[in-house]
Amino acid sequence: MTNAPILIIAIPLLAAFLTHLTKYARARRGAELVAFSALLASAYFLLTTAPVVLSDQVIKYNLGGWSAPFGISLQLDGLSFFFSAMVLGVGLLILVYSLGIYLYARRYYSLLLIAIAAILGIVLTRDIFNMYVFFEMLAVASYVLITYKHKPRTIIASFKYLVMTEATWVFFLLAIALLYSLTGSLNMDVIAAQLPQIYQAQPHMVYLIFSIMLISFGIKCGMFPLHTWIPEANSQAPTPVSGLLSGLILKVGLYAMLRVFFLFFGSTLLAQGVGNIIIFIGIISLIFGAGMALVQVELKRLLAYSSIGQIGFILVGLGLATQWGLQGALFHIFNHAMIKTALFFCAGIIISQTGFWRLNQMKGIWRQMPGVTFAFCLLSLAVIGIPPSNGFVSKFFIIEAVLLKQNCLIMFCLFLGILLTAACYFRVIQTFFSPSEFHHKQDFIPQPVGHFEHLATYIFTFLCVVIGLFPTVIINLIQPAVRVLLP
Amino acid sequence: MGFNGLTVGIIIILLGLYGVLTRKNTIKMVMCLYIMSSGVVLFFVSLGYVTDGQAAIFEDGSRLMVDPLPQAIMLTTIVIGLVITSLTLALALRIYEEYKTVDVRDLINKQND
Amino acid sequence: MRRISNVVRIFTRKLFPFMLLYGCYLISHGHLSPGGGFQGGVIFGSAIILLGLVEGVKATEKRFQEMLLSLVKNIGMLVFVLAGFTGMFLGGFFLSDFIPKGEIGTVPSAGLILYLNLTVGFMVGTGIAVVFYRLVRFGSND
């Protein structure tokens, strides 16, 4: 019996509390050191479980020694391993980015570690109320992180995000209550074993629980009617927090959707074609997100709306529920986490160097910052899906899945979405490379952008190109995850 | 159907939701969020009720007890409600400090600056 | 703001230690009667808030300093996670019960739960008091 599952969650949590005590240690960069070593230790424990998990076995762990129906149990299988690896990788690079800017205090690192520990907890747990508690922990950490710099607009953004999400998640607790009254347990495996019988007896309860969960996870992942908190929260937050929000928090909502829908409703509802609703919502999100991104004036809001569009693309792959569809969806989750975080980092470097937020003030910036602009171009190619980038491979999988379904309408809408995304990002590249002179802002002192920010951005860009050229490494990571979802 | 804890809990949740949607004062929105949370607590605890059951504390002799699991879960939920309420109040106070208003309609205009 | 009347002030000051004692009683008897870590902690924090309302926040903050309460809160969080790790090192799972149990019906009969209740109780109590101090400071010249 290995202790790895709880160590992956508990070490960042312990480090989050330890960073408060580095005040007394008089080390110059104590909090950053503690945070970095905690994430590296967590990644090490994750890697020790890799041989067992990737050969389609699971590692179960009961907290406190109480066995499965009575206590909370953690389970590390292919899907959890994939998401944990993604979270720890992107989290480490977000930490590298925030190392550069010297004005982040201990409080910031503590909250970042709590957020990452909460995401790891969501991904590893097998108890549905435990998942709710970790989601709320992640949400509280993100509300405070968004308002880290006390600008007025950040506080309105955080308030709006808070009220919307909490009012919706009260209903998720109601769905847990209904599940408990129907099945008598909170363990996901026990519930999943009893749901087919309940579906025969009372189908309307299962429909109710499904719709509540769709809306609750939808507001976390940014489905179309529930996306309105994303533009402000992503654009007003400090840059590494924008990366955390767009790269990791939106994806963990998708993880919860994957886990809950395929485990609980796999044989009952999804077989009957409820996935078509998810495909429909995905297509509307894609076209809406890409279309709204086309008309944005601020750079960060443009990236936030483009996030909504890409999540729509992933939802199409999720709703198809075939092997190619899920492979494409999981691969695009991985790619988009890397690409969008890197795009937010590029935007952050540009904003902190020039002080401009609007796109039309950034004309001709390629002469001042050639490296960052070049990285932005490569990442834009990845988002649109042009070879040789990783975005091409994942979008190709999803389009292949739609081809196998032989549905012309979905194919047309997917290509329309890709076209709108291309138009949006080409407009940005055209602004960056425009031949007119770049006018500096009057009386603006650029913040010192050191090596760490550039390092994080270039590492992401390099990984995007490498994964695009050699995707088999990641595909071998995704296959066990898909086998968990579709046995 | 009966006027038991389940029905009253749902009514309280819906009243709280009506308040969050329609009230323009940020402090009233905070209060209605907490009312929604209390409604869920009432609903869930009433689910665990066993007719003629005693409190779920083990003393000598076996008796009929109510289900203790909803009560343990609702403790955690009340803690989460406390944290969210205090955080929202802090944000509402800071909004008042910056903009000198608690009306949400003014904030919508200021957001587009 | 008008001054609180003398009756309320004197009565609250006399009752204050009994409120703290009641909070500690609830925390430590969590496994024998309704109560527990969070409930007792809230009573503990509410006692400090009540004293702050009656005496003025500045005077209360001189006696119950925010630095000390913050320290108790942070150490409480560490103790909780370290108790889990101790359970793990002594050969069980995380947060396993490794403390010998007494007879049913007395206070030390709960094993690890008693210590976790104490930790959580003090954490919650001091946390609520710190939140109160910070929220009250908003309106004033900060």
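The rules we used
- Residues numbered from 1 in each chain as written.
- Chains lettered and ligands numbered in written order.
- Predicted model: local features only at pLDDT ≥ 70, side-chain atom pairs only at ≥ 80, totals over all residues.
- Helix = DSSP H or I, 4+ residues; strand = E, 2+ residues; numbered from the N terminus.
- Rg over C-alpha atoms; globule rule 2.2 N^0.38 Å.
- Buried ≥ 20, exposed ≤ 12 C-beta atoms within 10 Å, placed from the backbone.
- Contact = placed C-beta atoms within 7 Å.
- Axes fitted to C-alpha atoms, helices over the stretch in contact; angles between N-to-C directions.
- Left-handed = near helix turned anticlockwise from the far one by under 90°.
- Nonpolar A, V, L, I, M, F, W, Y, C, P; charged D, E, K, R; others polar.
- Parallel < 35°, antiparallel > 145°, perpendicular 65-115°, else oblique.
- pLDDT = per-residue confidence, 0-100.

Chemist: Please explain the overall build of chain A as it appears in this structure.
Modeler: A tally of helices and strands in chain A yields 19 helices and two strands. In summary, chain A has a C-alpha radius of gyration of 22 Å against a globular reference of 23 Å for 487 residues, a match within 12%. Relative to its 487 residues, chain A shows a buried fraction of 59%. For chain A, restricting intrachain contacts to residue pairs at least 6 apart in sequence, the fraction spanning at least 24 positions comes to 80%.

Chemist: Sorry, what's going on with the overall build of chain C here?
Modeler: Looking only at helices and strands, one finds five helices and zero strands in chain C. Ordering the α and β elements of chain C from the N terminus gives α-α-α-α-α. Considered along the principal axes of its C-alpha atoms, chain C spans approximately 60 × 35 × 20 Å. Contacts in chain C between residues far apart in sequence, at least 24 positions, make up 66% of those at least 6 positions apart.

Chemist: Is there a simple way to think about the packing of helix α14 (residues 323–354) of chain A against helix α18 (residues 451–469) of chain A in this case?
Modeler: A pair of packed helices is characterised by two quantities: the angle between their axes and the separation of those axes. Residues and elements named next belong to chain A. Taken N-terminus to C-terminus, the directions of α14 and α18 make an angle of 145°; their axes are 9 Å apart at the nearest point. Crossing hand, α14 versus α18: left-handed. Touching Met-338, Ile-339, Thr-341, Ala-342, Phe-345, Cys-346 and Ile-349 of α14 are Glu-453, Ala-456, Thr-457, Phe-460, Thr-461, Leu-463 and Cys-464, all from α18. Broken down by class, the residue content of the contact of α14 with α18 amounts to 10 nonpolar, three polar and one charged.

Chemist: Would you mind showing me how to read the interface of chain C and chain B here?
Modeler: One frequent convention defines the size of an interface as the accessible area lost when the parts assemble. Taken together, the six residues of chain C in the interface contact nine residues of chain B. Looking at side-chain class alone, the side of chain C that touches chain B contains five nonpolar, one polar and no charged residues.

Chemist: Would you mind showing me how to read the packing of helix α13 (residues 299–320) of chain A against α14 of chain A here?
Modeler: Residue and element names in this part refer to chain A. For the pair α13 and α14, the least separation of the axes is 8 Å and the interaxial angle reads 175°. Here α13 lies roughly antiparallel to α14, going by the angle between them. Counted together, Leu-299, Lys-300, Leu-303, Ser-307, Gln-310, Phe-313, Ile-314, Gly-317, Leu-318 and Leu-320 of α13 and Gly-325, Leu-326, Gly-328, Ala-329, His-332, Ile-333, His-336, Lys-340, Leu-343, Phe-344 and Ala-347 of α14 form the full contact between these two elements. When the residues that make up the contact of α13 with α14 are grouped by side-chain class, the tally is 12 nonpolar, seven polar and two charged.

Chemist: Would you explain the confidence of the model for chain C in this entry?
Modeler: Interpreting fine coordinate detail is not advised for predicted regions of low pLDDT. Summary statistics for chain C give a mean pLDDT of 86 and a share of 96% for residues scoring 70 or more. The ipTM value of the predicted complex is 0.94, and its pTM value is 0.94.

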